[in-house]
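These are the residues of each chain, in order.
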Amino acid sequence: MSASSSANAKFAPFANDADALALGELSVENHSDHVAIFGNLDIRRDAEGLRQAQALKTVLDAVVAALVSADLPAHADTSGDTTARQVKNPFES
């Protein structure tokens, strides 16, 4: 979803592992087990800022609606996440 696209653009949270939206420098990535939101978004006090805020609200409202309508566990299993490990600095000799 770009800043110029409609705030009514369809985004079905948790529906697949492929959808991605961009709103300014803010990225929203869809996954079947989570929605990732990262980056920056400056919402200015102008018409473009209003469009960006409405688009972001539409996405977050869809996420909340999907979560409210689901039978949720207390905590999601995150065992598939990678763990941090130390690697050699490629710039050191």
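To keep things clear, this report deals only with the structure shown in the data block. (Residues numbered from 1 in each chain as written. Predicted model: local features only at pLDDT ≥ 70, side-chain atom pairs only at ≥ 80, totals over all residues. Heavy atoms only, no water.)

1. Structural notes on the overall build of the protein
The criterion, for reference: Every helix listed is a DSSP run of H or I at least four residues long, and every strand listed is a run of E at least two residues long, numbered separately from the N terminus. Using a 1.4 Å probe on the protein chains alone, a residue whose accessible area is under 20% of its type maximum counts as buried, one over 50% counts as exposed, and one in between counts as partly exposed. In what follows, a contact means two residues having at least one pair of non-hydrogen atoms within 4.5 Å. Each accessible area is a Shrake-Rupley result for a 1.4 Å probe, and residues are judged covered by the shown protein chains and nothing else.
Helix and strand counts for the protein stand at one helix and three strands. In sequence order, the secondary structure elements of the protein are arranged as β-β-β-α. Going through the 93 residues of the protein one by one, you find that 20% of them count as buried. Taking contacts inside the protein between residues at least 6 apart in sequence as the whole, the part at least 24 apart equals 29%. Carbon and sulfur atoms form 52% of the exposed surface of the protein, whose accessible area is close to 7,200 Å².

2. So, the nonpolar core
Note the cut-off: Only buried Ala, Val, Leu, Ile, Met, Phe, Trp, Tyr and Cys residues count toward a nonpolar core, and they belong to the same one when joined by side-chain atoms within 4.5 Å.
Residues F11, L21, V28, V35, V59 and V63 constitute the largest nonpolar core, which totals six residues. In this structure, V35 is in contact with F11, P13, F14, V28, E29, N30 and V63, ignoring residues within four places of it in sequence.

3. Some words on the sheet that holds strand β3 (residues 35-40)
Going by this rule: DSSP bridges decide pairing: two strands pair if at least two such bridges lie between them. To get an axis, fit a line to the C-alpha atoms, keeping to the stretch in contact for a helix; angles then go from 0 to 180 degrees between the N-to-C directions.
Strand order in the open sheet formed by three strands is β1-β2-β3, and the pairing between neighbours is antiparallel. Here the strands that pair on one side only, and so sit at the sheet edges, are β1 (20-23) and β3. Taken over all neighbouring pairs, the strand axes of this sheet differ in orientation by 15° on average, direction set aside. Note that β1 and strand β2 (residues 25-30) share four bridges and pair antiparallel. Pairing of A22 across the sheet is with S27, part of β2. Here helix α1 (residues 47-68) sits on the sheet in contact with β1, β2 and β3, set at roughly 150° to β1.

4. A closer look at α1
Definition in use: What a helix is expected to span follows from its residue count: subtract one and scale by 1.5 Å. We call two N or O atoms a polar contact when they sit within 3.5 Å, provided that within protein one can donate a hydrogen and the other can accept it, with sequence-adjacent residues counted only if both atoms are side-chain atoms.
Spanning 22 residues, α1 covers 31 Å between terminal C-alpha atoms, matching the ideal 32 Å at 1.5 Å per step. Check the buried side of α1 and you find it contacts β1, β2 and β3. Capping of α1 at its N-terminal end is provided by D46; its side-chain oxygen lies 3.3 Å from the backbone amide nitrogen of E48.

5. Things to note about the environment of L26
Of note, L26 is situated in strand β2. Taking C-alpha positions, L26 is 7.1 Å from I37, a pair spaced eleven residues apart along the chain.

6. Some remarks on the pairing of β1
Of the two faces of β1, the one holding L21 and L23 is buried and the one holding A20 and A22 is not buried anywhere. Hairpin connection between β1 and β2: a loop of one residue separates the two successive antiparallel strands, and G24 in this loop has a positive phi of roughly 65°.

7. Digging into the environment of L23
Looking at where L23 falls in the secondary structure, it is placed in strand β1. For L23 and L56, which are 33 residues apart along the polypeptide, the C-alpha to C-alpha distance reads 7.7 Å.

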